[in-house]
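Observations on the model geometry
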Amino acid sequence: MSIAINGIGLGGGIAIGNAYILDKNLSDATLHLVENEDIADEVLRFEESLRRTRRELELLRVNITLNAPAELGAFLSLSIMMLGDSQISQSPIKIIQTERCNVEWALKLQADRLALQFEEMQDDYLKERKHDIVQVLERIFKNLDGNKFEWEISGKLEHGILVTHDLSPADLVHFKSSNFSGFVTEVGSLTSHTAIVGRNLDIPSIVGTAYARQLIKEDELIIVDGVQGVLIINPDPIVLTEYRKKQQHWLDTKAKLRQIRKNEAVTLDGINIDLLANIESADEINDVKYNYANGVGLFRSEFLFLAHDDHLASEDEQFEAYAKVARSMKTSPVTIRTADFGIDKNPSWSYSHQNEAMNPALGLTGVRLSLAEHTFFKIQLRAILRASHYGDIQVMFPMVSSSLELKQAINHLSYAKEELADEGVPFNPDIKIGAMIEVPSSAIAIKPILALVDFISIGTNDLIQYLLAIDRNDETVNYLYNPLHPAVLKIIYHVIKSCNKANVPVAICGEMAGQAKLTRLLLGMGLRKFSMYSSNILNIKNVILNTNIESTMRVVNKILRSENIEKIDELVNELNIDLDF
Ligand code: PEP
Ligand code: MG
């Protein structure tokens, strides 16, 4: 039977291939008999996962901050102690050997056995410990999955389609080097960080396809239409033929776009537009150059820390990454945003901050976290400054909510400069400073911020989240997340106008900058710098090359005057009437 599920398409075209289901829980473990000669390998897999789990827990414990609840330390110590208990560290090995089964199955059997034993206890306190012990086994199981992730992905997943409940942005970063043709997650929304990183992979992908894992069988043929956000399981032959044609059309369009790769982005009325790239790691620089970006408008530096889950990227490691990008971009600007950790992007050392917050999106994120973690901030600023000697690096602070906060961040930058100067280390003393405008307060009261910076970049992903009170990671409210909400357009217009008036260069680096449907509107609002994933650049350039800003102004002005969401939608369609997206 063929089934279709609607989700949120991240683009990337159409993939047709066999499903590979990842991300199972302990309760999903299935039995595989293991040959005699492979038992030792299976035991080794278990031991490695045990080691990885211990390291993970110890790292968490070492990095507990003062404001963490007292129970956290005790909980982590208890979990670490449990790892040494023979019920956890030895029994699964015995099960593997006697049952000749895979580790997953052994962990499941052991969890079931222990749960039963604890259930039978009279003491309520001990009964409760059942959850703790099962959680520890679950953690070992997940780390095993991490293992599988790396070794199976390159083999079995080759050209397959990954189906998973959720993927963290850090997992996706690991994925970049794998050869798979599409991915589907059950949760997620358009501007979650998973979606943002996923979109950058430039392969067909859909998020928010609830129950996909229940409906798809391993290895089943599926179609991922990343453009329409439709997942088709076990397609009929007619549907399959239709999608093969659509797939070809997509590939032909991409080939046409490649022809404008080297063209300058100039409108029909002769206005030059800066097309910049968003990156998460220095490895993406080839894509940036391939698409002839005018520079890097946003380097999400926090991904540097997410990539190392066992240690914090040191000053030298950071310096190397920033300097690599700066050198290869030569005289083009490279904007490094200081770490912007949030609920879906946090390394293990900041877990305690994030997990304890009642409402993490309103908690210690962005520049607030940097200001609270002086040493961490100083190291990052030193690394950025040192790299500024090797190219046109600029520094940008995320989640600035007032000029006061921005001043504090700039003071830290000044201290780091003084330190480096005393040490005789070269850096650019005139490094350009920018602020992200993504908190409504700083968008509305922008004047004192403009007095402190050399440039502004509007983070529309968060600006929309905070203005419309919609969690960008929550698929249940995703239908309300609307870049064309009149309040969103008014606030963005206010920022662009204020910057243009004060002669402070302004870019958008949120997802809106890469949405072709919005390009003409943003040009009409006075935006001249767009920063987006490299994979979007040609699409946006194509719209720019086919736009006369002057002649769009009548409709743009109507849009900006309107407070009617439906009317705005109609007008935006009118604005793009001659374009084929
Ligand atoms: C934004 O908020 O628009 C932005 C660019 O930052 P991030 O998506 O990393 O939060
Ligand atoms: Mg943001």
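Everything here concerns the structure above.
Now for a quick tour of the structure. Note that the structure is predicted; figures quoted are calculated from it, not measured.

**Thoughts on the packing of helix α22 (residues 516-524) against helix α24 (residues 549-561)**
For the pair α22 and α24, the least separation of the axes is 8 Å and the interaxial angle reads 95°. Considered as vectors, α22 and α24 are oriented roughly perpendicular to each other. Together, Arg520, Leu521, Leu523 and Gly524 of α22 and Ile549, Thr552, Met553, Val556 and Ile559 of α24 make up the contact between the two elements. The residue makeup of the contact of α22 with α24, split by class, is six nonpolar, two polar and one charged.

**Looking at the nonpolar core**
Grouped together as the largest cluster of nonpolar side chains are 98 residues, with contacts concentrated most on Phe397, Ile456 and Ile492. In this view, Ile492 contacts Ile458, Thr460, Leu463, Ile508, Met512 and Met525; residues no more than four positions away in its chain are not counted. Leu60, Met82, Ile96 and Leu137 belong to the second-largest nonpolar core, a separate cluster that totals 31 residues.

**Brief notes about the sheet that holds strand β1 (residues 3-6)**
The strand order across the open sheet formed by eight strands is β1-β8-β7-β3-β4-β5-β6-β2, and the pairing between neighbours is mixed. With partners counted over all chains shown, the strands left at the sheet margins are β1 and β2 (8-9), one partner each. Pairing analysis gives four bridges linking β1 to strand β8 (residues 230-233), with the strands arranged antiparallel. Counted as the bridge partner of Ile5 is Leu231 from β8. Docked against the sheet, helix α10 (residues 237-258) engages β3 (14-21), β7 (221-225) and β8, running at close to 120° with respect to β3.

**Examining the pairing of β3**
With seven of eight residues buried, β3 lies mostly within the body of the structure. As judged from the five bridges shared by β3 and β7, these two strands associate in the antiparallel manner. In the sheet register, Gly17 faces β7, and the bridge partner there is Ile222. Pairing of β3 with strand β4 (residues 161-164), which is carried by three bridges, proceeds in the parallel orientation. The residue of β4 that forms the bridge with Ile21 is Val163.

**A few points about the coordination of the magnesium ion (ligand 2)**
Protein ligation of the magnesium ion (ligand 2) involves Glu438 (OE) and Asp462 (OD), the donor distances falling in the range 2.0 to 2.1 Å. In this pair, Glu438 sits in the loop between β13 (432-437) and α18 (440-444) while Asp462 sits in helix α20 (residues 460-468), placing the two residues 24 residues apart along the sequence.

**Things to note about the site of ligand 1**
Surveying the vicinity of ligand 1 reveals 16 residues, the closest of which are Arg300, Arg337, Gly459, Asn461 and Arg472. One of the backbone N or O atoms of Thr460 is found 3.1 Å from an oxygen atom in ligand 1. Asp462 has a polar side-chain atom sitting 3.0 Å from an oxygen atom of ligand 1. Among the elements that make up the shell around ligand 1, the one with the highest residue count is α20 (three residues).

Basis of the calculations
Residues numbered from 1 in each chain as written. Chains lettered and ligands numbered in written order. Predicted model: local features only at pLDDT ≥ 70, side-chain atom pairs only at ≥ 80, totals over all residues. Heavy atoms only, no water. Axes fitted to C-alpha atoms, helices over the stretch in contact; angles between N-to-C directions. Helix = DSSP H or I, 4+ residues; strand = E, 2+ residues; numbered from the N terminus. Parallel < 35°, antiparallel > 145°, perpendicular 65-115°, else oblique. Contact = heavy atoms within 4.5 Å. Nonpolar A, V, L, I, M, F, W, Y, C, P; charged D, E, K, R; others polar. Core = buried A, V, L, I, M, F, W, Y, C linked by side-chain atoms within 4.5 Å. Buried < 20%, exposed > 50% of the residue type's maximum accessible area, 1.4 Å probe, protein only. Pairing = 2+ DSSP bridges. Donors = N, O, S within 2.8 Å, 3.2 Å for Na, K, Ca; no water. Near = heavy atom within 4 Å. Polar contact = N/O pair within 3.5 Å; in protein donor to acceptor, adjacent residues only side chain to side chain.

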